[in-house]
Amino acid sequence: MKSCSLTDFMEVLEPWLSGDYIRKVSVYEDRIFKIFFTDGVIDTYNIDDCTRSQFQKIIDKLEKKGIPVENQ
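Residues numbered from 1 in each chain as written. Predicted model: local features only at pLDDT ≥ 70, side-chain atom pairs only at ≥ 80, totals over all residues. Heavy atoms only, no water.

Next up on the list: the nonpolar core. Grouped together as the largest cluster of nonpolar side chains are 20 residues, with contacts concentrated most on Phe-9, Phe-33 and Leu-62. Among the secondary structure elements, those contributing two or more residues to this core are α1 (6-16), β2 (22-28), β3 (32-37), β4 (42-47) and α2 (52-64). For this core, the element with the most residues is α2, which contributes 4 residues. When sequence neighbours within four positions are dropped, the list of residues in contact with Leu-62 reads Leu-13, Leu-17, Val-25, Phe-33, Ile-67 and Val-69. (Core = buried A, V, L, I, M, F, W, Y, C linked by side-chain atoms within 4.5 Å. Buried < 20%, exposed > 50% of the residue type's maximum accessible area, 1.4 Å probe, protein only. Helix = DSSP H or I, 4+ residues; strand = E, 2+ residues; numbered from the N terminus. Contact = heavy atoms within 4.5 Å.)

Structural data, given as structure tokens:
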């Protein structure tokens, strides 16, 4: 698992949102995102500096892009 700031996570996430690279995302209450890529790779990120509102905005952005988001 990678720990990162919200800003760093968004910089990493943004290029993946431009194509069909992400198959689905699982989210956990403690601000953890598990990203499942279409090539079988799975990356896990712990965002250590975001509020619940910011966390929800990321989820909303993923869903707007048509990426399935599962709550765990």
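Anyway, onward from the coordinates.
Attention now moves to the sheet that holds β4. Strand order across the open sheet formed by 5 strands is β1-β4-β3-β2-β5, with mixed pairing between neighbours. On the outer flanks of this sheet lie β1 (2-4) and β5 (69-71), each paired with one strand and no other. Geometrically, the sheet is characterised by an average inter-axis angle of 25° between neighbouring strands, direction not taken into account. Taken together, the 3 bridges between β1 and β4 define a ladder with parallel strand orientation. Note that in β4 the partner of Cys-4 across the bridge is Ile-47. Packing against the sheet, α1 makes contact with β1, β2, β3 and β4, and its axis sits at approximately 150° to β4. Against the sheet, α2 touches β2, β3, β4 and β5, its axis set at about 20° to β3. (Pairing = 2+ DSSP bridges. Axes fitted to C-alpha atoms, helices over the stretch in contact; angles between N-to-C directions.)

A separate point is the pairing of β2. Among the 7 residues of β2, 5 are classified as buried, and the element is accordingly described as predominantly covered. The turn linking β2 back onto β3 is made up of 3 residues, and Arg-31 within it adopts a positive phi angle of 65°.

Within this structure, the stated rule accounts for 4 aromatic pairs. Look at Phe-9 and Tyr-45: their rings are 5.3 Å apart centre to centre, the planes differ by 65°, and that puts the pair in the edge-to-face class. Remark: Tyr-45 occurs in strand β4 and Phe-9 occurs in helix α1; sequence separation between them is 36 residues. Taking 4.7 Å as the distance between ring centres and 75° as the angle between the ring planes, the aromatic pair formed by Trp-16 and Phe-37 counts as edge-to-face. Residue Trp-16 is located in helix α1, and its partner Phe-37 is located in strand β3; the two are separated by 21 residues in the primary sequence. Classification of Trp-16 by relative accessible area gives partly exposed; the value is 21%. By way of ring pairs, the aromatic residues Phe-9, Phe-33, Tyr-45 and Phe-55 are connected into one cluster. (Phe/Tyr/Trp six-rings, centres within 6.5 Å; stacked < 30°, edge-to-face > 60°.)

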